[in-house]
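Structural features, examined
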Amino acid sequence: MKNQSIKKNLDWTCIIIYSVLVIMGWLNIYSSSLSSIEDTYQKQFAFILLTIPLIFIILGIDGKFYEKYASIIFVISLLSLAGLFLFGKTIAGQRCWYALGSFTIQPSEFAKAATSLAIAKYLSDSQINLKEVNRQIQALAIVFLPVLLILPQPDPGSALIYSVFLVVLYREGLPSWYIWTGFITILLFMLTLLLEPQYVILLALLIITIVHFKSRPADRNIFLSGILFALMSGFVLSVSYVFQNVFKQHHRDRFNILLGKTVDLKGIGYNTNQSEIAIGSGGWLGKGFLEGTQTKGGFVPEQHTDYIFTTVGEEWGFVGSLAVIALFVGLFLRVIYLSERQKTKFSRVYGYCVAGILFIHFFVNIAMVIGIFPTIGVPLPFFSYGGSGLWGFTILLFIFLKMDANKVNEW
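We now turn to the structure provided with this report.

The phi torsion at leucine 290 lies on the positive side, around 70°, for a residue other than glycine. Within the secondary structure, leucine 290 sits in the loop between α15 (270-281) and α16 (293-296). Unlike most non-glycine residues, phenylalanine 382 shows phi in positive territory, near 70°. Using a relative accessible area of 4% as the deciding quantity, one classes phenylalanine 382 as buried.

Right, dumping it as structure tokens:
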């Protein structure tokens, strides 16, 4: 009776969209790997088959288990990330994987679900008020602990994903100035790379002055405005040092190409240039399945992983690409809709985390492929090759679907 109840209450809309995306992902991996000697499509098929029992295990566990043991799961996740520094395998300069024979597993892909559970657990405490500074520090610590372990691997792409948790925290009461600080920091950083520092400082002074005099007289604080200007000026003056001494050369090259300061179509900009050519050559309806000349010729490096969407663009065209985007958007909106229907704060917050993580992966990957974001290695959910990624996203989504199916038993 219990299994029948779970089956009845599962959100089959999400499951159908998930299944379609996984199948479409495999078809594109199959197409993109035909020009390679590697059997990536066969491995991905095996990963997909192993996902089936994984889903049954997730759905078979009582929904309350994930809430009860969220903190323990999070600690285990942090230990798995820390263990990489001692036992991890280095691939392409990144120490992100554990090697189990010929098989590798990337713990950062599973840490996203663990962190989502930890945040949901923390915020579901009735005593939590994110207007209090100490609560803000504790919540942000949950977000940034895994980031501090992921960045040195180095894996900036996975670390970037955790920024979406700030939006979830904002939804639950985190003051908006955290979001504005992040946005302004990124804007000042990019402007300083484009312009001379003194011009950016003058622009900051102009904006602060306008905001100061546009505010109500009772809200004007010349001392606070002065501190803000000093902090912004100090940050702008530090950008050059950080860019030259903290960023690695390939990161600097990617930013310079993105900003149009460097043109390197045969070097660091080759991937992006070839991906744009592949997508653009698809036209409205595409060249047809297995008919992509750029894909068959192997012109786009890493096409079965981070650049898998180029296969969609070339072989399925604008219409096919739009259909894939529509499926993703439909999944995001469905998860958000289900989140709003949850009876407990824990499952609601976790649902927001699921939607946020899937969305930022989708957005950054597509933006990276079409050349409006630097290449940082963010996979497209359910499409990009890799067992860890597929299983990580599956665990993330189906834990929520289990919670949603269990909400009929909540009070």
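Let us now look at the packing of aromatic side chains. Going through the model one piece at a time under the given rule, you end up with 25 aromatic pairs. Measuring from centroid to centroid gives 6.5 Å for tryptophan 26 and tyrosine 41, while their planes differ by 70°, and the two rings are edge-to-face. Taken as a pair, tryptophan 26 in helix α2 (residues 12-33) and tyrosine 41 in helix α3 (residues 40-60) lie far apart in primary sequence, 15 residues in all. Relative accessible area serves as the criterion here: at 21%, tyrosine 41 is assigned to the partly exposed category. Look at phenylalanine 103 and tryptophan 391: their rings are 5.9 Å apart centre to centre, the planes differ by 40°, and that puts the pair in the tilted class. One end of the pair, phenylalanine 103, is in strand β3 (residues 103-105); the other, tryptophan 391, is in helix α19 (residues 387-405), with 288 residues separating them in the sequence. Note on tryptophan 391: relative accessible area 12%, which makes it buried. Here a set of aromatic residues connected by ring pairs shows up, and it is made of Phe328, Phe332, Phe359, Phe362, Phe363 and Phe383.

Think of an α-helix as 3.6 residues a turn; residues three or four steps apart then line up on the same face. For helix α17 (residues 309-340), spanning 32 residues, the distance from its first C-alpha to its last is only 31 Å, which falls clearly below the expected 46 Å at 1.5 Å a residue. The largest bend in α17 is about 125°, located at tryptophan 316.

Let us look at the pattern of salt bridges. Opposite charge on two side chains allows them to pair when their charged atoms are near. Taken as a whole and assessed by the stated rule, the structure comprises 8 salt bridges. With its nearest N and O atoms 3.0 Å apart, the salt bridge here joins lysine 112 to glutamate 109. Within this pair, lysine 112 and its partner glutamate 109 are both found in helix α7 (residues 108-123), separated by 3 residues, close to a single helical turn. In this structure lysine 112 comes out as buried when scored by relative accessible area, which is 3%. Accessibility expressed as a relative area gives 6% for glutamate 109, which makes it buried. Among the ionic pairs, glutamate 172 bridges to arginine 348, the shortest N-O distance being 3.1 Å. Here glutamate 172, found in the loop between α10 (164-171) and α11 (177-194), pairs with arginine 348, found in helix α18 (residues 345-369); they are 176 residues apart in sequence, far enough to count as distant. Both residues of the pair, glutamate 172 and arginine 348, count as buried. One salt-bridge network, held together by shared partners, links Arg171, Glu172, Glu340, Lys345 and Arg348.

Right, let's get into the layout of surface pockets. By volume, the largest pocket amounts to about 1,800 Å³. At the level of elements, α8 (133-150), α9 (156-161), α10, α11, α13 (222-245), α14 (249-258) and α18 are the ones that each hand at least two residues to the lining of the largest pocket. For the lining of the largest pocket, the element with the most residues is α11, which contributes 9 residues. Grouping the amino acids of the lining of the largest pocket by side-chain chemistry returns 35 nonpolar, 6 polar and 2 charged.

On the surface, Leu194, Leu195, Tyr199, Leu202 and Leu205 cluster together into a nonpolar patch covering about 490 Å² of accessible area. Among the secondary structure elements, leucine 202 is positioned in helix α12 (residues 197-214). Residue leucine 202 is classed as exposed on the basis of its relative accessible area of 53%.

This next bit is on the nonpolar core. Core analysis: the biggest nonpolar cluster contains 90 residues, and Leu169, Tyr350 and Phe382 have the highest contact counts within it. With residues near it in sequence (within four places) discarded, tyrosine 350 still touches Ala113, Ser116, Leu117, Ala120, Ile395, Leu396, Ile399, Phe400 and Met403. Grouped together as the second largest cluster of nonpolar side chains are 7 residues, Leu188, Ile201, Ile208 and Met232 included.

Two elements, strand β1 (residues 89-91) and strand β2 (residues 94-100), share 3 bridges in a ladder whose sense is antiparallel. The partner of threonine 90 across the bridge, within β2, is arginine 95. A loop of 2 residues connects β1 with β2, the two strands running antiparallel in sequence, and alanine 92 in this loop sits at a positive phi of about 55°. Of the strand pairs in this sheet, β2 and β3 are connected by 3 bridges, and their pairing is antiparallel. The partner of tyrosine 98 across the bridge, within β3, is isoleucine 105.

Bringing the sheet that holds β3 into the picture now. The strand order β1-β2-β3 describes an open sheet built from 3 strands, whose pairing is antiparallel. Edge positions in the sheet fall to β1 and β3, since each of these pairs with one other strand and no more. If you compare each strand with its neighbour and ignore which way they point, the axes differ by 55° on average.

One can find serine 158 in helix α9. Within the structure, serine 158 has its side chain in polar contact with the side chain of aspartate 155 (distance 2.6 Å). Excluding residues within four positions of it along the chain, serine 158 makes contact with Gln106, Ser108 and Ile150.

Reading the values: the criteria
- Starting afresh in each chain, residues are numbered from 1 along the sequence in its written order.
- Side-chain atom pairs in this predicted model are given and counted only at pLDDT of 80 or more, local residue features only at pLDDT of at least 70, and totals for whole chains, interfaces and linings cover all residues.
- As a rule here, side-chain values cover all heavy atoms of the structure and leave hydrogens and water aside.
- Numbering goes from the N terminus for both helices and strands, where a helix is a DSSP run of H or I of at least four residues and a strand is a run of E of at least two.
- Buried means the residue's accessible area, taken with a 1.4 Å probe over protein chains only, is under 20% of the maximum for its type, while exposed means over 50%, and partly exposed covers the values in between.
- When the centres of two rings from Phe, Tyr and Trp lie within 6.5 Å, Trp using its six-membered ring, the rings pair. Their planes under 30 degrees apart give stacked, over 60 give edge-to-face, and anything left gives tilted.
- To estimate the expected span of a helix, subtract one from its residue number and multiply by 1.5 Å.
- Note that the bend at a residue is defined as the angle between axes fitted to the seven residues ending at it and the seven residues starting at it.
- Put simply, a salt bridge is a Lys or Arg side-chain nitrogen that is within 4 Å of an Asp or Glu carboxyl oxygen.
- Cavity means a closed set of points on a 1 Å grid over the protein atoms alone, one where a 1.4 Å probe fits but cannot get out, pocket means an open set with protein on both sides within 12 Å along at least 5 of 7 lines, and lining means a residue has an atom within 4 Å of a point.
- Grid points are joined across faces, edges and corners, and a volume is the space filled by probe spheres set on the points.
- Note on residue classes: Ala, Val, Leu, Ile, Met, Phe, Trp, Tyr, Cys and Pro are nonpolar, Asp, Glu, Lys and Arg are charged, and everything else, Gly too, is polar.
- Grouping into patches uses exposed residues only, defined as over 30% relative accessible area, and leaves out salt-bridged ones; the cut-off is 9 Å for like charges and 5 Å for nonpolar side chains (Val, Leu, Ile, Met, Phe, Trp, Tyr).
- For the accessible areas, the method is Shrake-Rupley and the probe is 1.4 Å, while residue cover comes only from the protein chains on display.
- Definition of nonpolar core: a set of buried residues of the types Ala, Val, Leu, Ile, Met, Phe, Trp, Tyr and Cys, connected through side-chain atoms within 4.5 Å.
- Note on contacts: a residue pair is in contact if any heavy atoms of the two residues lie within 4.5 Å.
- The criterion for strand pairing is that DSSP finds at least two bridges linking the strands in question.
- Note on geometry: axes are C-alpha line fits, over the in-contact stretch for helices, and angles between N-to-C directions span 0 to 180 degrees.
- Contacts described as polar in this section are N or O atom pairs within 3.5 Å, which, within protein, must combine one atom able to donate a hydrogen with one able to accept it, while residues neighboring in sequence count only if both atoms come from side chains.

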